[in-house]
Amino acid sequence: MPTASVDNHGTVLYYEDSGAPPSPAYITVVLLHGLLINGGIFTRLFRYAEANNLRLLAVNLRDYAGSTPYSRAEIEVLQSSNKDAQATCLETQGLQLATFIRWFIGTKNIPPITRDPKSGDALGGGFALYHPILDESLDIDGRASHFTSWVSYYNSPPKVEPGSPGFVSALLECKPLHEGSEAVPPEASRRLTPTVWRMSPDELSATTDCSLLARSQLWLLLINADIFKANLRHALFDCPLNTTGRTPQIVWPDVKVRVVWGDMSTSDCLAAIHILTQLCEEYRGSVHIGRNPEFIRLQGVNHFVSKDSGPPVQSTTYTTVVLAHGTMFHGAIMRPLLPYVAEHNLRLVFLNLRDYPGSTRYSPSEIDALRGPGRESQEAAIQARGLEFAAFLHWFIETQHIPPISEPGDGMRTGGISILFWSSGNAQGLSMLAHADVVPEKTRRVLGMYLRTVVLHDVSLSSIGAEVLDGLGNPLRGPSSGVTSYEDMVRRFTTWISSYWTQVDLSPASPAFAAVLVARRPMHALDTSGGRGGDADPWTPSTLRMSTDEFETTADIEVVRRSQYLYQRIDASILQENLRRALSHCYVDEEAQRRPVLPALRVRVVWCDMSGGEEVWAAANIKRQLFELHDARDVEVFRLEKANHFVLRDEPERFMQFLAGTV
């Protein structure tokens, strides 16, 4: 267990370290937790650290796992009414944190702050110390289990900014949004299940210690409020280094203070932001030396943050893109795209399909409907999944207040929302378009104003019910592809789906196209040299380049056995009909008139020419289907050259540039 000594009395703080990125100018960030839930909650962030040139340290405070417990004498001080003693106790803990930082800097040789020679702005290196807002609303009866649920609720965002006169009234109107609440329809509320309720027992046990409440944490909450206010003032506004005979200088003048808050967090956290905003305004007018805190609002996230990149800073014209995954690999696989969001004025939302982490599992009756054998039950099940997508988009548009579609004089559309379906996710995504005529009327109207583009990315063959070519060898098809066990299927499938296959150099319209696909081989199995960027092994399958941690946090290997295998067995005629309907205009009868649904919607089909044969064959089938339609939507087909099925993970910068020009 890595610990650091922080005084001369044997006191230690436990920490976990994401490790140093290869860059010589990375920034180190210390993450300090709040009440009952320890630093382990931050370790999910570690896998994104290197891509963002960060080194993350999750530190456990005193009395939490691995760090020195409070002594009996320290507990007595916390329980006392002696303000001076309590202030000294808090000051000691602050100095212990400072000692930890000094020790880490000295022993780990982190890069110092470097500056732009022209502007003087910090470019890299150094520390950015961040502490989530401490939640102090614990009930006097000490029901810690209730607190851990309450603090992870998603609440309706306030309609007034913190610090404004009407904020307290607006805060009283904020309601929990999870299932059973009155503030949101059930179909939307199920996607807002409190974070702690979605944790596995192992994760909850590893990150939470409710026994600490009675031992020490309750007494920390009951410390005289004047001490905390004084600490705030000293930290932000009157912290000069008093040097006799010289003008006082601020301590650590290069430290920036960023106050980050999620607007769907609990009312206690938002009230703290409101009070802090007011205090900042008050202190700015009464002191001459001080820092200048910057408040950063994360829209649509709770106290634990969601799978949403958030809107680009200071943009009112951004486009939102929802990305829905395929089989086994869920939304976390798309995280490498996040560093490139702001430059393209996009907001990304990673949506986990039903039965994947965080989203509602299928009920026994839903599994039975997918299993069939009745065609009607399967058709109804697929239609239900499509309507769930429409409900999600409607909810997101209305609750996140995203900018609507706008067409300025330059002809470039801004705002709105697009959705990308990847791989087998298209089986459910195509159903949304295929059944647009039965989407509730209000949802149709909202989507008509906001929905820009649907991207069908590297569509799986099973999603469209197309004829299977012998010899393509999809391991999901079981014994027919040589699979001997479930574990063998997982190993074969993840390698097969993420391989780089010999590049297609023939038009899908060619009579020899099918034979060419069957004859292709994975590049890593061939004796090749050169390739992409001069890498030593440029064509290694994407999943074989993943660390164990990345694979485990982006893939749910049990989901195929649980439910996803059923999508391989859906009646092909259902999926074929869905594809035809999705690519065609559809109509509803309203006010004695036949009106088109989503008439301006664009559909973009994307295929990667080094993906597996089934994905390339699916694109060829879609292209042929388009020639046969008489009332097609605005559909275009795009080819991504020298890209495989995992291009959004392997080449995120390139894919983001392509996506920005497509949606």
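Draft legend 1. Layout of the overall build of the protein chain. Within the protein chain one finds 22 helices and 19 strands. The buried share of the protein chain, reckoned over its 663 residues, is 49%. Once local pairs closer than 6 in sequence are excluded, the contacts in the protein chain between residues at least 24 apart make up 75%. Put simply, the protein chain shows about 30,900 Å² of open surface, and 53% of that area lies on carbon and sulfur atoms.

Draft legend 2. Spotlight on the pattern of salt bridges. What the rule picks out here adds up to 25 salt bridges. For Arg581, the salt bridge is made with Asp437, and the minimal N-O distance between the two is 3.3 Å. Of the two residues, Arg581 is situated in helix α19 (residues 572-583) and Asp437 in the loop between α12 (426-434) and α13 (441-450); the sequence distance between them amounts to 144 residues. Overall, the relative accessible area of 25% leaves Asp437 in the partly exposed class.

Draft legend 3. Region of the structure containing the packing of α19 against helix α20 (residues 613-628). At a closest axis distance of 11 Å, the pairing of α19 and α20 adopts a crossing angle of 60°. Here α19 lies oblique to α20, going by the angle between them. Crossing geometry of α19 relative to α20 is assigned as right-handed. Here Gln576, Leu579, Arg580 and Leu583 of α19 come into contact with α20, specifically with Ile622, Gln625 and Leu626.

Draft legend 4. Representation of the side chain of Ser563 in the model. Within the secondary structure, Ser563 sits in the loop between α18 (559-562) and α19. With relative accessibility at 0%, the residue Ser563 sits in the buried group. Beyond its immediate stretch of four places on either side in the chain, Ser563 contacts Asp355, Tyr362 and Ile367.

Draft legend 5. Up close: the environment of Arg521. Following the sequence through the fold, Arg521 ends up in the loop between α16 (513-519) and α17 (548-554). Owing to a relative accessible area of 45%, Arg521 belongs among the partly exposed residues under this scheme. Setting aside anything within four residues of it in sequence, one finds Arg521 in contact with Tyr500, Trp501, Thr502 and Leu526. From its side chain, Arg521 meets the backbone oxygen of Val518 in a polar contact 3.4 Å long.

Draft legend 6. Region of the structure containing the packing of aromatic side chains. Counted under the stated rule, the structure contains 18 aromatic pairs. Ring geometry for Trp422 versus Phe646: centroids 5.4 Å apart, planes at 80°, classification edge-to-face. Taken together, the positions of Trp422 in strand β14 (residues 417-422) and Phe646 in the loop between β19 (634-640) and α21 (647-650) put the pair 224 residues apart, joining distant regions of the chain. The same class applies to Trp422 as to Phe646, namely buried. Ring geometry for Phe493 versus Trp496: centroids 6.2 Å apart, planes at 35°, classification tilted. Remark: Trp496 and Phe493 occur in helix α15 (residues 486-498); sequence separation between them is three residues, near one turn of the helix. A relative accessible area of 4% places Phe493 in the buried class.

Draft legend 7. Region of interest: the nonpolar core. The biggest cluster of nonpolar side chains holds 97 residues, and the ones touching the most others in it are Leu393, Ile417, Met432, Leu456, Leu583 and Phe655. Beyond its immediate sequence surroundings of up to four residues, Met432 is in contact with Gly386, Phe389, Ala390, Leu393, Ile419, Phe421, Leu451 and Val454.

Draft legend 8. Structural detail: α20. Taking 1.5 Å as the rise per residue, α20 with 16 residues should run 22 Å; its terminal C-alpha atoms sit 23 Å apart, in good agreement. Counting buried residues along α20, twelve of its 16 residues qualify, which places the element largely inside the surrounding structure. Contacts made by the buried residues of α20 are with α14 (461-464), α15, α16, α19, β18 (602-608) and β19.

Draft legend 9. Here's a closer look at the sheet that holds β18. Read from one edge to the other, the open sheet built from six strands follows the order β13-β12-β14-β15-β18-β19, with strand pairing classed as parallel. Two strands lie at the open edges of the sheet, namely β13 (346-351) and β19, each paired on one side alone. When the angles between neighbouring strand axes are averaged without regard to direction, this sheet yields 20°. Here β14 runs beside strand β15 (residues 451-457); their pairing, made up of five bridges, is parallel. When the bridges of β15 are listed, Ile419 appears paired with Val454. Contacting β18 and β19, α20 crosses the sheet at an angle of about 145° to β18.

Draft legend 10. Layout of the environment of Asp631. In this fold, Asp631 is placed in the loop between α20 and β19. Its relative accessible area of 33% is what places Asp631 among the partly exposed residues. In the structure, Asp631 is positioned 45 residues away from Cys586 in sequence and 8.9 Å away in space, judged by C-alpha atoms. A polar atom in the side chain of Asp631 sits 2.9 Å from the side chain of Tyr587.

Draft legend 11. Focus on unusual backbone geometry. For the peptide bond that leads from Gly372 to Pro373, omega is 15°, which places it in the cis range. Of note, Pro373 is situated in the loop between α10 (364-371) and α11 (375-400). Positive phi, close to 80°, is recorded for Asp355, a residue that is not glycine. Mapped onto the elements, Asp355 comes out in the loop between β13 and α10. Located in the positive-phi region is His401, a residue other than glycine, with phi close to 50°.

Draft legend 12. Inspection of the confidence of the model for the protein chain at higher detail. Mean pLDDT for the protein chain: 82, with 84% of residues reaching 70 or above. Predicted confidence is poor over residues 185-191, with pLDDT under 50, and the contacts of this stretch with residues over four places away or in other chains come to twelve contacts. Long-range and interchain partners of residues 530-536, a stretch whose pLDDT sits below 50, account for nine contacts in this model, where long-range means more than four residues apart.

Draft legend 13. Structural detail: the side chain of Ser460. One can find Ser460 in the loop between β15 and α14. There is a polar contact of 2.6 Å between the side chain of Ser460 and the side chain of Ser463.

Draft legend 14. A look at the packing of α10 against α11. Running from N to C, α10 and α11 point in directions that differ by 120°, and their axes come no closer than 7 Å. It follows that α10 is oblique to α11 by the angle criterion. Crossing handedness for the pair α10 and α11: left-handed. Residue-level contacts link Glu366, Ala369, Leu370 and Arg371 of α10 to Ser377, Gln378, Ala381, Ile382 and Arg385 of α11.

Draft legend 15. α12, seen in detail. With nine of its nine residues buried, α12 lies for the most part within the structure. The complete set of buried residues in α12 reads Asn426, Ala427, Gln428, Gly429, Leu430, Ser431, Met432, Leu433 and Ala434. Summarising the contacts, the buried residues of α12 are in contact with α11, β14, β15, α14, α19 and β18.

Cut-off values and rules
Residues numbered from 1 in each chain as written. Predicted model: local features only at pLDDT ≥ 70, side-chain atom pairs only at ≥ 80, totals over all residues. Heavy atoms only, no water. Helix = DSSP H or I, 4+ residues; strand = E, 2+ residues; numbered from the N terminus. Buried < 20%, exposed > 50% of the residue type's maximum accessible area, 1.4 Å probe, protein only. Contact = heavy atoms within 4.5 Å. Areas by Shrake-Rupley, 256 points an atom, 1.4 Å probe, with all protein chains shown as cover. Salt bridge = Lys/Arg side-chain N within 4 Å of Asp/Glu carboxyl O. Axes fitted to C-alpha atoms, helices over the stretch in contact; angles between N-to-C directions. Parallel < 35°, antiparallel > 145°, perpendicular 65-115°, else oblique. Left-handed = near helix turned anticlockwise from the far one by under 90°. Polar contact = N/O pair within 3.5 Å; in protein donor to acceptor, adjacent residues only side chain to side chain. Phe/Tyr/Trp six-rings, centres within 6.5 Å; stacked < 30°, edge-to-face > 60°. Core = buried A, V, L, I, M, F, W, Y, C linked by side-chain atoms within 4.5 Å. Expected span 1.5 Å × (residues − 1). Pairing = 2+ DSSP bridges. pLDDT = per-residue confidence, 0-100.

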